[in-house]
Amino acid sequence: MIARPAAGLTVATVGVIFLGALAMGGGAVPGVDGAREVRIVVHHSRFDVATVEVESGETVRFVLENTDPIDHEFIVGDARVQLAHERGSEAHHPPGPGEITVPAGATQATTVTFPTSPQTTLFGCHLPGHYAFGMVGTVRIG
């Protein structure tokens with residue numbers, strides 16, 4: 001079976017849309033629910049993206065692919081949220097906006113709607129020693 005673009009779209013148009021999405025940074029691609037999708041790969045206990053830029057009030061669907069043989073998590077929030085998780089005792093998180101556990105070899109997603117005011121927030125993994133090892137990144141809002 002040959003994959004063809006949707007009616008009215010040429011292969012060149014689809015290519016331009018895809019390249020434009022990649023230019024948004026952070027492995028961004030258009031999401032199916034209207035939210036922008038940002039793909040992040042975890043490899044050797046590192047996120048492959050250090051900074052994600054979002055618009056004020058934007059909804060983003062983060063898709064995390066864990067290529068490691070160990071579990072990781074992805075927590076989005078300010079320094080207070082990160083500290084609470086760093087000091088916390090939850091080994092795994094039930095999925096929720098901005099909080100997921102990503103088992104070894106798995107792909108998981110979480111959707112976050114960011115504040116309408118320009119600011120900076122963080123994402124990180126708080127399994128023992130991971131945050132201190134450098135599993136932290138920045139989200140620039142605005």
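All chains use their own residue numbering, which begins from 1 and follows the written sequence. Selection of residues for local features in this predicted model requires a pLDDT of at least 70, selection of side-chain atom pairs for listing and counting requires 80 or more, and totals for whole chains, interfaces and linings are taken over all residues. With hydrogens and water excluded, all non-hydrogen atoms of the structure serve as input to the side-chain values.

A. Expanded view of the pattern of salt bridges. Each salt bridge in this description consists of a side-chain nitrogen of Lys or Arg and a carboxyl oxygen of Asp or Glu lying within 4 Å of one another. Enumeration according to the criterion identifies four salt bridges in this entry. The partner of Arg-39 in a salt bridge is Glu-37, and the shortest N-O contact between them spans 3.4 Å. The buried label applies to any residue whose accessible area, calculated with a 1.4 Å probe on protein chains only, is under 20% of its type's maximum; exposed applies above 50%, and partly exposed to all values in between. Residue classification places Glu-37 among the buried residues on the basis of a relative accessible area of 8%. Through salt bridges that share partners, Glu-37, Arg-39 and Arg-61 make up one connected network.

B. A look at the side chain of Asn-66. Each helix is a run of H or I in the DSSP string that is no shorter than four residues. Each strand is a run of E no shorter than two, and both are numbered from the N terminus. The residue Asn-66 is located in strand S5 (residues 59-66) in this model. The criterion used for residue contact is that any of the two residues' heavy atoms lie within 4.5 Å. Beyond its immediate stretch of four places on either side in the chain, Asn-66 contacts Val-42, Asp-71, His-72, Val-102, Pro-103, Ala-104, Gly-105 and Ala-106.

C. Spatial organisation of unusual backbone geometry. You will see that His-44, though not glycine, has its phi angle at about 55°, which is positive. Its place among the elements puts His-44 in the loop between strand S2 (36-43) and strand S3 (46-47). A positive phi angle is found at Ser-45, which is not glycine, with a value near 55°. Its location among the elements puts Ser-45 in the loop between S2 and S3.

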